[in-house]
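Summary of the model geometry
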There are 2 protein chains.
Amino acid sequence: MSERLVVIGGDAAGMAAASQARRLKGPGELEIVAFERGRFSSYSACGIPYWVGGDVGSLEELIARSPEEHRARDIDLRMRTEVTGIDLDRQRVRARDLESGEESWTGFDKLVIATGARPQRPPLPGIDAPGVHGVQTLGDGQALLDSLERAEGRRAVVVGAGYIGVEMAEALLGRGFEVTVLNRGEQPMATLDPDMGRLVHRAMDGLGITTVGSAEVTKILTGEDGRVRAVVTDDAEYPADVVVLGMGVEPETSLARAAGLPLGAYGGLLTDLSMRVRGYENVWAGGDCVEVLDLVSGRERHVPLGTHANKHGQVIGANVGGGYATFPGVVGTAVSKVCDLEIARTGLREKDARAVGLRYVTVTVESTSRAGYYPGAAPMTVKMLAERRTGRLLGVQIVGREGAGKRVDIAAVALTAGMTVDTMVSLDLGYAPPFSPVWDPVLVAARKAVAAVRAAG
Amino acid sequence: MSERLVVIGGDAAGMAAASQARRLKGPGELEIVAFERGRFSSYSACGIPYWVGGDVGSLEELIARSPEEHRARDIDLRMRTEVTGIDLDRQRVRARDLESGEESWTGFDKLVIATGARPQRPPLPGIDAPGVHGVQTLGDGQALLDSLERAEGRRAVVVGAGYIGVEMAEALLGRGFEVTVLNRGEQPMATLDPDMGRLVHRAMDGLGITTVGSAEVTKILTGEDGRVRAVVTDDAEYPADVVVLGMGVEPETSLARAAGLPLGAYGGLLTDLSMRVRGYENVWAGGDCVEVLDLVSGRERHVPLGTHANKHGQVIGANVGGGYATFPGVVGTAVSKVCDLEIARTGLREKDARAVGLRYVTVTVESTSRAGYYPGAAPMTVKMLAERRTGRLLGVQIVGREGAGKRVDIAAVALTAGMTVDTMVSLDLGYAPPFSPVWDPVLVAARKAVAAVRAAG
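Small disclaimer: the values here were computed from a predicted structure and weren't measured.

**Brief notes about the sheet that holds strand β2 (residues 30-36) of chain B**
Sheet strands line up and pair through hydrogen bonds in the backbone, either parallel or antiparallel. All names here are of chain B. The five strands are arranged β3-β2-β1-β7-β18 in an open sheet whose pairing can be described as parallel. The sheet is open, and its two borders are formed by β3 (76-79) and β18 (283-285), each paired with just one other strand. Taken pair by pair, the neighbouring strands of this sheet meet at an average axis angle of 15 degrees, ignoring direction. Note that β2 and β3 share four bridges and pair parallel. Residue pairing in the sheet places Phe35 in a bridge with Arg78 of β3. Against the sheet, helix α1 (residues 12-24) engages β1 (3-8), β2, β3 and β7 (110-113), with an angle of about 165 degrees to β2. Its contacts with the sheet place helix α8 (residues 306-320) against β1, β7 and β18, and it is angled at close to 160 degrees to β18.

**Thoughts on the relation of the copies chain B and chain A**
Aligned on chain A, chain B shows an RMSD of 0.0 Å; the corresponding rotation is 180 degrees and the shift along the axis is 0.0 Å. This pairing of chains is accounted for by a two-fold axis. With an isologous cut-off of 70% or more, the 100% of interface residues of chain B that recur at the interface of chain A puts this contact in the isologous class.

**Remarks on the packing of aromatic side chains**
Applying the stated criterion to the full structure yields two aromatic pairs over all chains. Judged by centre distance (5.1 Å) and plane angle (85 degrees), the ring pair of Tyr50(A) and Tyr374(B) falls under edge-to-face. In this pair, Tyr50(A) sits in helix α2 (residues 48-53) while Tyr374(B) sits in the loop between β23 (360-368) and β24 (379-387), so the two residues belong to two different chains. By the burial criterion, Tyr50(A) is buried, and Tyr374(B) matches it. Over the aromatic face of Trp439(B) sits the side chain of Lys311(A), whose NZ or CZ is 5.9 Å from the ring centroid.

**Re helix α10 (residues 408-416) of chain A**
Most of α10(A) is tucked away, with eight of its nine residues classed as buried. Those residues of α10(A) that sit buried are Val408(A), Asp409(A), Ile410(A), Ala411(A), Ala412(A), Val413(A), Ala414(A) and Leu415(A). Buried residues along α10(A) sit against β22 (341-347), β25 (393-400), α11 (421-425) and α12 (441-456) of chain A together with α10 (408-416) of chain B. A positive backbone phi angle near 70 degrees is found at Gly418(A), which sits one or two residues after α10(A).

**Here's the deal with the state of the cysteines**
Under the criterion given, the structure shown has zero disulfides over all chains. Unpaired in this structure, Cys289(A) has its nearest cysteine sulfur neighbour in Cys46(A), at a distance of 16 Å.

**What to know about the UniProt feature "domain: Pyridine nucleotide-disulphide oxidoreductase dimerisation" (unreviewed entry) in chain A**
The feature "domain: Pyridine nucleotide-disulphide oxidoreductase dimerisation" (unreviewed entry), as annotated in UniProt, sits at residues 336-438 of chain A in this numbering. Its end C-alpha atoms 26 Å apart, residues 336-438 of chain A is made of 19% helix and 35% strand.

**Quick look at helix α6 (residues 194-206) of chain A**
For α6(A), which comprises 13 residues, the first-to-last C-alpha distance of 18 Å matches the rise-based estimate of 18 Å (1.5 Å per residue) to within 8%. The positive-phi residue at the C-terminal boundary of α6(A) is Gly208(A), with phi of around 90 degrees.

**Describing the sheet that holds strand β2 (residues 30-35) of chain A**
Residue and element names in this part refer to chain A. Strands sit in the order β3-β2-β1-β7-β18 across an open sheet of five strands; the sheet is parallel. Of all strands in the sheet, those with a lone pairing partner are β3 (76-78) and β18 (283-285), marking the two edges. When strand polarity is set aside, the average angle formed by the axes of neighbouring strands in this sheet is 15 degrees. Taken together, the three bridges between β2 and β3 define a ladder with parallel strand orientation.

**Section: the interface of chain B and chain A**
Contacts between chain B and chain A engage 57 residues on the former and 57 residues on the latter. Contact between chain B and chain A buries roughly 4800 Å² in total, counting both sides, with carbon and sulfur atoms accounting for 65%. The three residues of chain B that bury the most area against chain A are Tyr373(B), Asp428(B) and Phe435(B), which together make up 17% of that side's buried surface. Linking chain B with chain A are two salt bridges. Applying the counting criterion to the chain B and chain A interface returns 22 residue pairs in polar contact (both at pLDDT 80 or more).

**Some points on the packing of α1(B) against α8(B)**
All names here are of chain B. Two elements in contact, α1 and α8, have axes separated by 7 Å at closest approach and are oriented at 35 degrees. Between α1 and α8 lies a crossing of right-handed hand. Contact residues: α1 offers Ala12, Ala13, Ala16, Ala17, Gln20, Ala21, Arg23 and Leu24, while α8 offers Ala309, Asn310, Gly313, Gln314, Ile316, Gly317, Ala318 and Val320.

What counts, and at which threshold
Residues numbered from 1 in each chain as written. Chains lettered and ligands numbered in written order. Predicted model: local features only at pLDDT ≥ 70, side-chain atom pairs only at ≥ 80, totals over all residues. Heavy atoms only, no water. Pairing = 2+ DSSP bridges. Helix = DSSP H or I, 4+ residues; strand = E, 2+ residues; numbered from the N terminus. Axes fitted to C-alpha atoms, helices over the stretch in contact; angles between N-to-C directions. Contact = heavy atoms within 4.5 Å. Least-squares fit on C-alpha atoms with pLDDT ≥ 70 in both. Phe/Tyr/Trp six-rings, centres within 6.5 Å; stacked < 30°, edge-to-face > 60°. Buried < 20%, exposed > 50% of the residue type's maximum accessible area, 1.4 Å probe, protein only. Lys NZ or Arg CZ within 6 Å of the ring centre and 35° of its normal. Disulfide = S-S within 2.5 Å. UniProt positions renumbered as here; feature names shortened; annotations may be inferred. Expected span 1.5 Å × (residues − 1). Buried area = accessible area lost by both parts, 1.4 Å probe. Salt bridge = Lys/Arg side-chain N within 4 Å of Asp/Glu carboxyl O. Polar contact = N/O pair within 3.5 Å; in protein donor to acceptor, adjacent residues only side chain to side chain. Left-handed = near helix turned anticlockwise from the far one by under 90°.

Written out as structure tokens, the structure is:
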């Protein structure tokens, strides 16, 4: 007898789950129905800034697998169809065809919730005016590109200086705009400690991006045509021909909440290690709508990132398809860039460590991406946190030029393994003059951290 | 009462040991005498190919710390002074001033042997002819550069296709030479499995470097002026205006051997974890003259590499200076490049695994350095070995373009931690489109390895 799997959400987590389940079980064993309210499936939202900036030529390039390709693999993917309710008792979901407006119920044996995240959009006056854009979906990206063409002037204001904010600043710069980034915090990139954020701030200044810290947006002014004209903060007004919102996202779990499923402190679904929703035998969830375990702090966090969504989907698909896989958690690795400035972090910031009662030492070192004498050797700043007494690595932040960003992977693997900074000093990392100084910058930091741990007692 | 530390060898390991010991103990507590037979101290031999190739402008840039700088830190570094004997019973070394020819004894309380490695130079007819060059020392590099200027034609033959061989091929290409590499094995880069070596071979072909496999050099022909004219193998003759020898190195342990110190299967000194020579309370050794523990195979190996030499020196200096440090071993990481081709490896090759009785599976995947749609996404081949049954990672080899090489660090840390490929699949590595596909190439390989381990049973 065939079972039916229903998937809510046709992007990374949902469709990776569907695809993996399909690999393990043929259509005779498992029927798969997936609902997506948008017009696109399985696309790279992380690629939107590069499309807007012109590095990526077209929307199509960001689509990993089209609806037709999914259907060709016997996945009944229904586009422009929004799930409006989950009935767990009767194991069915209600969905509305957004074209026809028709609504109907679909039964499931197994359910995957992959509803993603929604951008934070505070209810400010003018925030819905033409010329004010989010960049969450491909549709958002297209609307922004159209808006950039229509804009009468070349002044862009980005609200928020997190990953999306700084990446969009680069994109807008690439499109010839004069860019101002308004940031609530003192320094950009709040996922870094402020001392490292300051380095990003300086580099953005150097690129000609104006970054304003401690700026609380209070309203958005529009012109006579109704289009955005300026962004107003508590103490200034910034003329704007286009505004991009990069204020972070929150889990899109309204359906899950209505169905009574367990949500965490950040509003994300709570799952077990197999990505099954806690306490529910036949419901899985993954991607930007769930919270994940932070392996360093031992706390649940919301970490919306395509790479996790893909892994979640893979794990869910394996388990739904009769296999076995788990997602143990994250260490909080992220990497980004603004033009040629690379920004990376993993593990805990100082405030994260304090929040969970860890005592720590920090060290910061300056080094270079290659041997100092080798052409292209670029400066790099590495900050490292280690636990007092034990010397356990707690986190690493890196700001630098080419070759800086992916070095964070060394720390990400070390964090996963629970390594101490003493152990890290002896790591046998790849060395040759075009690739690294004889002591890799991460090892230089580890050496200094060993001394700091000892000195702190 | 002041002790005396004697160091034999003024390059990375020896001078790092001296410097670290000096940091911990002032001249009132510890007298440090170091002997170096050459003209340079603390230099980057790994940088020589880039100096010869023109990427590094001058010899001076390769010197990390000059004799004068060492002396300014109260290290009595005696240049052009060769140690000719070690008398362990009477705790003294005999040294000859190479300028004056005078010989004298110097007593020690503690001894550090850092005599490095010597290039293999088989006793072939013509091997000492003008125009035939090793590239072990700065002096060798200068002689080669002079020879390149004097050469009447532009044909260069490199003997050996290991790291030095391929790096020198690039260097000579950069100097406008027509380059032929003669290699004993079938494929270049014997530190890779032959299937991965083949990729290097093809790429070298593409760069215009002729690589001849299974070529056993039998003699070197000279012209009427006595200068090299051709290299002869068992079945062909290769005209040459200059010849570079890159046939590997062996530990320079003739002094140690004469003194009766313990040597391993590769002729390198055997030490304990503190880099103390086994069985000798007051003798340490480090750098290219020692064997190191391979943490994956559990065997001693000879791994001549500047990064290890520096770590050894650091460890020796700490212990000699009254601190405490250990060098646990290596996992066999190495990275190199030929023009824009990056080559990296860590852990065991297939034959290494077989040699220690490990059963394994291998997988090879093709991926890219960045998201496929992002400009500059370059192809990359990753080969992974995992132990059967347990799934423990055994080794990784990577051949690709920009961004390929340093990815091997992920595997180097995972090997150090003894991770299984299952654990690796969940690694939280840095992801953003300019830095990686949504599944990092190493994770793609790990996923495939998990399946291979399961399939092999």
